[in-house]
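Now for the letters of each chain:
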Amino acid sequence: MKFGKKAAFAALIASAAIVVAGCSSNAGGGDAGGDAGSGDEMYIALVSKGFQHQFWQAVKKGAEEKAAELGVTITFEGPAAETEVDAQLQMLQTAIDKKPAAIAYAALDPEACVPYLDKAKAADIPVVYFDAPCDGDVGLSLAATDSKVAGALAAEHMAELIGGEGEVAIVGHSQINSTGVERRDGFVEKIESDYPDIEIVDIQYGDGDHLKSADIAKAMIAAHPDLKGIYGTNEGSAIGVVNAVNELGLEKGKLTIIGFDSGAAQINAIKDGTMAGAITQDPIGIGAQVVQAAYDAANGETVDEFYDTGSYWYDKTNLEDDKIAAVLYQ
């Protein structure tokens, strides 16, 4: 299933087909099942991309708040780093084995997850996605930021800040998962279509690791002495660029740095002038929406194919605005 537009469709999954594995209040899920049609508390398993960044803690918070509102039990797991695909797949298999009422999944590798989710489908466990989908036709819904739109928004602000001309580079976090690809492509396509006097001279990938991203950024700066700006496609990438600039002793603002996501480090870098600004998502909203979609799917209700939870530009001029403050996380 492709998740490129919002379109309603029926989940068509009868709750009576879901196997009940008992009920547990264990925060780790235990053997909790919870048939959507039984007297037991429904159990929904969430498998995220990780806990490496504050973004995922904010998604978890939103999921937990919605679960409490709906009266369901959830677990929220993810690998230590977003490069640990095998670890994430093991967590997905464990979630399937617990026979939950529904599974919410954020794919690190959109192809590797296909056979696992085929097993979930065979077990009559509805699957919804958050942040990034798996390939195949199992998933019913995706709650996420429209990453290409967000990447284009970053490009617009980069162009404005550097005066519509010059050399820029990208420190990406993934060439595999959809968020990394689409945040990159949205930026590149916007620059190429609207800003002919801006040249993207380099694109490299640091796996969202701030140490690796810092090394990449330092190499870019050395190789391109006329570089005007760098775009980091997630929290770790952006902080890597900030650290590179600080380690090189560059004057604040000499290089225009645009980040993605939020977190205390990026907010502080914006406040002190090292970073120009960043694109934030609504991670709490993503967590809440995916739990709602999982709950609805488990009950056989209609869900939307795509829930765009939005993206927003923030810098030191609007950090205190109510709308922006509501989607920042530290």
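These numbers were taken from a predicted model, which means no experiment stands behind them. (Residues numbered from 1 in each chain as written. Predicted model: local features only at pLDDT ≥ 70, side-chain atom pairs only at ≥ 80, totals over all residues. Heavy atoms only, no water.)

Trainee: Teacher, can you tell me more about the overall build of the chain here?
Mentor: Within the chain, the secondary structure is distributed over 10 helices and 14 strands. Residues counted as buried form 56% of the 330 residues belonging to the chain. Residue pairs in contact within the chain that sit at least 24 positions apart in sequence constitute 72% of those at least 6 positions apart. Accessible surface computed for the chain: about 13000 Å², of which carbon and sulfur atoms make up 47%. (Helix = DSSP H or I, 4+ residues; strand = E, 2+ residues; numbered from the N terminus. Buried < 20%, exposed > 50% of the residue type's maximum accessible area, 1.4 Å probe, protein only. Contact = heavy atoms within 4.5 Å. Areas by Shrake-Rupley, 256 points an atom, 1.4 Å probe, with all protein chains shown as cover.)

Trainee: Which parts of the structure should I look at to understand the side chain of Asp315?
Mentor: Along the chain, the position of Asp315 falls in the loop between strand 14 (312–314) and helix 10 (322–325). Filtering out sequence-adjacent residues up to four positions away, Asp315 remains in contact with Ile270, Ala276 and Gly277.

Trainee: Can you help me understand the environment of Gln281 in this one?
Mentor: Inspection of the secondary structure puts Gln281 in the loop between strand 11 (277–280) and helix 9 (283–298). The class of Gln281 is buried, set by a relative accessible area of 1%. Between the alpha carbons of Gln281 and Trp313 there is a distance of 9.1 Å; along the sequence they are 32 residues apart. Setting aside chain neighbours within four positions, we find Gln281 in contact with Phe55, Asp131, Thr145, Arg183, Phe260, Asp261, Ile286, Gly310 and Val327. Polar side-chain contacts of Gln281 include one of 2.6 Å to the side chain of Thr145. Side chain to side chain, Gln281 and Asp261 meet in a polar contact 2.6 Å long. (Polar contact = N/O pair within 3.5 Å; in protein donor to acceptor, adjacent residues only side chain to side chain.)

Trainee: Sorry, what's going on with the packing of helix 7 (residues 235–248) against helix 8 (residues 264–271) here?
Mentor: The N-to-C vectors of helix 7 and helix 8 enclose an angle of 40°; their axes lie 10 Å apart at closest approach. The angle between the axes of helix 7 and helix 8 places the two elements in the oblique class. By crossing handedness, the relation of helix 7 to helix 8 is classed as left-handed. From helix 7, Glu235, Ala238, Ile239 and Val242 reach across to helix 8, where they touch Ala265, Gln266 and Ala269. Residue composition of the contact of helix 7 with helix 8, grouped by class: five nonpolar, one polar and one charged. (Axes fitted to C-alpha atoms, helices over the stretch in contact; angles between N-to-C directions. Parallel < 35°, antiparallel > 145°, perpendicular 65-115°, else oblique. Left-handed = near helix turned anticlockwise from the far one by under 90°. Nonpolar A, V, L, I, M, F, W, Y, C, P; charged D, E, K, R; others polar.)

Trainee: Where do I start with the state of the cysteines in this structure?
Mentor: By definition, a disulfide is the covalent link that joins the sulfur atoms of two cysteine residues. One pass over the structure, following the stated rule, counts one disulfide. A disulfide bridge connects Cys113 with Cys134, and the sulfur atoms are separated by 2.1 Å. On the sign convention where negative is left-handed, the bridge of Cys113 and Cys134, at about 120° about the S-S bond, is right-handed. Of the two residues, Cys113 sits in the loop between strand 4 (102–105) and helix 3 (114–122) while Cys134 sits in the loop between strand 5 (127–130) and strand 6 (142–144), which places them 21 residues apart along the sequence. (Disulfide = S-S within 2.5 Å.)

Trainee: Would you explain the sheet that holds strand 5 in this entry?
Mentor: The pairing of strands in a sheet comes from backbone hydrogen bonds and takes either a parallel or an antiparallel form. Read across the open sheet, the six strands follow the order 3-2-4-5-6-13; overall the sheet is parallel. At either end of the open sheet lies a strand with only one pairing partner, and these are strand 3 (73–77) and strand 13 (306–308). Put simply, the sheet's adjacent strands are angled 15° from each other on average, direction ignored. Bridge analysis of strand 2 (residues 43–47) against strand 3 gives five bridges, and the strand direction is parallel. (Pairing = 2+ DSSP bridges.)

Trainee: Could you clarify how one ought to interpret the layout of surface pockets in this entry?
Mentor: Unfilled space is identified by rolling a water-sized probe across the atoms. Counted as a void, the second largest pocket has a volume near 180 Å³. Lining the second largest pocket are 14 residues, and of these Glu82, Thr83, His173, Ser174 and Asp207 sit closest to its centre. Here the lining of the second largest pocket is built from residues that sort into three nonpolar, nine polar and two charged. (1 Å grid on protein atoms, 1.4 Å probe; cavity = no way out; pocket = protein on both sides within 12 Å on 5 of 7 lines; lining within 4 Å. Points joined across faces, edges and corners; volume = space filled by probe spheres on them.)

Trainee: Got a minute to help me understand the confidence of the model for the chain in this structure?
Mentor: Detailed reading of the predicted model is not advised wherever pLDDT is low. On average, the chain scores 89 in pLDDT, and the residues at 70 or more come to 88%. Across residues 4–32, where pLDDT falls below 50, the model places 70 contacts with residues more than four positions away in sequence or in other chains. Every residue in residues 35–39 scores below 50 in pLDDT, and together they form 10 contacts with partners more than four places removed in sequence or on other chains. (pLDDT = per-residue confidence, 0-100.)

Trainee: Is there a simple way to think about the packing of aromatic side chains in this case?
Mentor: Between two aromatic rings, the relevant description is the distance of the centres plus the angle of the planes. This model, assessed by the stated rule, comprises six aromatic pairs. Taking 5.8 Å as the distance between ring centres and 65° as the angle between the ring planes, the aromatic pair formed by Phe51 and Phe76 counts as edge-to-face. With Phe51 in the loop between strand 2 and helix 1 (54–70) and Phe76 in strand 3, this residue pair connects regions lying 25 residues apart in the sequence. Taking 4.8 Å as the distance between ring centres and 85° as the angle between the ring planes, the aromatic pair formed by Phe55 and Trp56 counts as edge-to-face. As far as the burial class goes, Phe55 and Trp56 line up, both buried. For Lys119, the ring lying beneath its charged end belongs to Tyr116, and the centroid distance is 5.1 Å. Its guanidinium or amino end placed over the ring of Phe260, Arg183 lies 4.0 Å from that ring's centre, counting from NZ or CZ. (Phe/Tyr/Trp six-rings, centres within 6.5 Å; stacked < 30°, edge-to-face > 60°. Lys NZ or Arg CZ within 6 Å of the ring centre and 35° of its normal.)

Trainee: Looking at this model, I keep getting lost on the side chain of Thr75. Mind explaining?
Mentor: Counting through the fold element by element, Thr75 comes out in strand 3. What makes Thr75 buried here is its relative accessible area of 3%. Side chain to side chain, Thr75 and Tyr43 meet in a polar contact 2.8 Å long.

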